[in-house]
Structures are given as structure tokens and as C-alpha cells.
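Listed here are the chains, written in short residue letters.
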Amino acid sequence: MTKVGAIAFCLLLTACAASPASHALAFDIGADPTNLNPLFAHPDASNVEQQLAHLSFEPFFDLDAHGRPVPELVTELPTQANGGVSPDGRTLVYHLRRGVRWSDGVPLTARDVVFTVRAILDRRNPVASREGYDLIDRAEALDASTVRLHLKEVWAPAVSTFFTYGVAPQYVLPAHVLEGHSPLARSAFSANPSVVDGPYVLASWKRGDRLVYRANPRYWRGRPWIGELDVRVVPDPNTNLALLRSGAIGFNLVAPAQLAALRDDAHIAVRRVPTVIVAGLALNVRRSPFDDPRVRRAFAMSIDRNAISAKITAGIYPRADSDRPRFSWAFDPGVRQPRYDPAAADRLFDAAGWKRGSGGRRARNGRRLEAVYAQFYESATGVRVAAFVQRALSERGMDVVVKTASQAQLYLPKTGILARGEFDAAYVPWSMGADPDDRFLLTCGGSGNYMGYCSPAVDRLERSAVSASRRSQRRIDYRTIDRDVASDTPIVYLFDASYAYAYDRRLRGFAPNAFSPTWNAYGWKLSATGP
């Protein structure tokens, strides 16, 4: 082994012969988190803050790599069959796992759940979304281990959303630490969540550089085998790949174009994971030129989305035509967005008044047809998509000006490029929830509706879908929604992201699910050699 290889090996795996809790693992994330209180986790393309939340906090239940429920804080999922869901669907009863303690030794009880529900609903707390939680009109602790939630009305996604994989996942917070701190966004807990119920406790955070976590000795499953996690902030995809190949980090999400570089590396394995990430181009319908549906459709017809899937993602990311992941029960293979048809695109541009002039550039009333295209540099795939779209639209006479920013600059609530609407088109990977409820994306004023899209018909269907008690009716509603949105084209869907995680073969138990690679960090182990 070379000197460099030995150093890298030690960074990944320390104290091979020592006790299990003395082992350390390094991995990286693509952006520095804005805060570490999961109450305020905001979405980005890599779900950085959710990855970190999973290290320190437990959901009611998780989903394994195959999508099967794994009870965590609760002993079972509430259903009508087990009495956890009332006949009218408006009352849910959760039974908490006994013996779970916060890292300071205080028992986790129903009081913590009730406190957290109230914190989510407190308008002084800038949570990413209150969707669903805003229907809770009563949260009660029946005893130390039993919680009852009562809803104002039936909401079909309730069980698959509350304190698990909703659009903005939430986790139970320690009431005894946070009571009296209001608003919670100003609490020191946001930068140093020192009392947690998950497998790892934050030891230090050097902003912009790294976070260090240590195993929680009071974790309910027992102290994790890996004693320390060194989480580095490394935005550049090529640097990430180099760190992985050197052995300096244990795993990393890799772009399809990077897989070839790993093909002959015997020390690295690749795990492909269907995810809930659906990537697309958000079109700002609040301003010209995309306030005209003809221009939106022409834009979509100018882009060969099959070629993007085949050439940029090597076919790993299949073309998408809606926001439904292919494994969702609401996915309809019959939904089709405007297909690639350059001649039809030219006719639509002409019909909208954008005619070709000198040099083949389109203009109307003396104004050239152009669009500001926002993207973030941390995504190797996104960078290649931007170049592809720019070339395709140039051939149709439209100028696309690519505006590159960081994930933070793009996604920041209120002040980010998306929130302020400072774009015409934007490359956005949306993270969907476990339930197909997509009101956050498609309803008027939805938290992820960066397009400014507003359709009363779609809003009515969305309300119907979440209030229906039968899945068959919900499926019909979502099919109609998807076909309406495909026609209106506020989003040009590109692909379903089936992520490829490359990892060192010495890392055992690494099994990312559709939402996060860190969901089962409690079960990771390291060996001195690969299989």
C-alpha cells in the first residue's frame, strides 16, 4: 500500500483492532446546511439537511431500501384494522416505543410529540411546510406512550406523512429542552442540537468545512458500531469522486457520467436506488415569455428528453412525464408531455408572434426571445442538461442565458433565486413524499410551486384526491391532474432520478432508501478488508 493510500485508509477506517465504538467513517455532503434543527430543514437537490437530520433524530417509522415500513419511534403503523385510525379517518392513535431516551437520559414521551406538533403549527416558526399538520385541531398525550391526533377533516396522506416522509419531513423534538424558547428559529438548538434521540450526536460544526458526529450511547437500539462520523462539505462533484477513489470517504452519490471512472476499481461497489427525486425545468409563468402556454409547449417540443436520458444519464434516469416516481401507485404510464418535435415547436413560436429575423434569432415587437436559465453547479448532470437545453433552444431561435449559482443561492427560502422568481427556466430536482400528494408543487401558492402556476381545476382535483378514502378514486384524480399539467406545461419534466451511490466495499450495511442514504446509519459497520 502506498503512503497516500495508507493515509486515505486511515481516514476511512480507524482503530481496526479496537472496540467497535472507536471506528470512524468519513463521507461528504454537497452543501453546508443552513441549520440543524430538523423543524426548519429546507429542501435542496441533495436533501442535505434531511440526510443530517436522519443521523440525530428518529421518525415515527422509516422505509427500508425496498420501501417496506420500519417502525422507529412507534411500535406499529396506525390502521383501521388495529384501531389506530378511526372509522371516519379523522382520529389517529400512535403508540410510542417504550424505553426510548433522549441523549441526556430524559425519556421520550407523548409530551414531546404534542410539543412538536404545536411548534410546527406556530406561525412564528418558519417551517418549510405545514401541509397536513395544519389540519390537526387536537393533539393529546393520552399517557406517556400514547398520542392521539384529531383532524378537522379526512386527509388521506396522514399516516404516510406525519413524522415520516412527507413533503417536508418532521421529527419529534425534546420538549424539556425547547419549551420557553420562542420563536424556535432563534434558539441555539438550530446550530447545536445537543439533545437528540437518533444514533449520532453532533460534536462540532465548522461551517463551510465539516461536521463531526459521535455515537449516542443512549440510542434505543444500542450504541452504533461506528463511533464517529466525519461529514465534510464538498460541493464539487469531481473532488467528491477523487476523494472516494482515494479512500478518503466511504460513500458518495455519483453522476451517471462518473460511473465509467469507477468501473475497474475493485475497492468500490455501486448501488443503484430508485428515488422520489423527479427533475424538471420549472418555467416561470408569471412573466414573458412563459406566461404564454404556446411558448411553454414550444419550449418543451424543442428538447429531446429521450436524448437527455440516453446521452447524459446513460439511460439510468428514465424520462419523466409527471412528478410521480415510477414505483408510485399513482404513476400513470399513459401521461405524455409535449413530445420532441422541432417543426411543431417552430410553428408554435411563430403563432405566439416570435418570428425569426436576421441570424435566425426570434423576436417580437423588437424584443428578442430569450430566457434566463438558473442552475446549480453542484450537479454534474444539471450542468450538462443546461448546455444541452441551451443548444436545443438556440436551434429554434431562442437565446438561453445560463445563470449558475450554488444550491443555497438557488433554494434559500424567501431570498433564493427560486423563491424570488429571478429566472425564466430553472433546473429543479423535486423530492416527492411517500404519498403521491403533490399539492406543494402544483397548487396555487404551493411551497414548491416556483413556477407561479395556478389552475383552479387542478386545485379542485388536488383537494378531492387527499380527501378521498379509496385509493382507486385518488388514482383517477391524480391521472387527471397529470394530464392537465402535461397540457399546461408549467414544468418540463426531464427524468426520474435513479441514484447511483458508490461506496467502499469495507462499508457494510450501506443500503440507501428512496429518500436518504443515511436512514440506517445506526447499522453501518466497517471491515478491514472488502468481501
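Structure report, in brief. (Residues numbered from 1 in each chain as written. Predicted model: local features only at pLDDT ≥ 70, side-chain atom pairs only at ≥ 80, totals over all residues. Heavy atoms only, no water.)

## Observations regarding the pattern of salt bridges
Logical step 1: Applying the stated criterion across every chain, the model contains 33 salt bridges.
Logical step 2: The partner of R221 in a salt bridge is E58, and the shortest N-O contact between them spans 3.6 Å. Taken together, the residues span a long stretch of sequence, with R221 in the loop between β8 (210-215) and β9 (226-233) and E58 in the loop between α2 (48-56) and β2 (61-63) at a distance of 163 residues.
Logical step 3: One salt bridge in this structure joins D424 and R287, with 2.8 Å as the shortest N-O distance. Of this pair, D424 sits in the loop between α11 (417-420) and β17 (425-431) while R287 sits in the loop between β11 (268-283) and α6 (293-301), and the two are 137 residues apart along the sequence.
Logical step 4: Looking at D424, the relative accessible area reads 7%, which means it is buried.
Logical step 5: Each of K206, D209, R210, D230 and R232 takes part in salt bridges that share partners, so that together they form one network. (Salt bridge = Lys/Arg side-chain N within 4 Å of Asp/Glu carboxyl O. Helix = DSSP H or I, 4+ residues; strand = E, 2+ residues; numbered from the N terminus. Buried < 20%, exposed > 50% of the residue type's maximum accessible area, 1.4 Å probe, protein only.)

## Remarks on the packing of aromatic side chains
Logical step 1: Following the criterion strictly, the structure yields 25 aromatic pairs and no others.
Logical step 2: Considering the side-chain rings of F57 and Y171, the 6.5 Å spacing of their centres and the 50 degrees angle between planes classify their relative orientation as tilted. Taken together, the residues span a long stretch of sequence, with F57 in the loop between α2 and β2 and Y171 in the loop between β6 (146-151) and α4 (175-178) at a distance of 114 residues. The same class applies to F57 as to Y171, namely buried.
Logical step 3: Feature note: the residues F27, F251, Y317, F495, Y499, Y501, Y503, F510 and W524 constitute an aromatic cluster, connected by ring pairs.
Logical step 4: Above the face of the W205 ring, R207 is positioned so that its terminal group lies 3.9 Å from the ring centre.
Logical step 5: Of note, R221 hangs over the ring of Y522, and the distance from its end group to the ring centre comes to 3.8 Å. (Phe/Tyr/Trp six-rings, centres within 6.5 Å; stacked < 30°, edge-to-face > 60°. Lys NZ or Arg CZ within 6 Å of the ring centre and 35° of its normal.)

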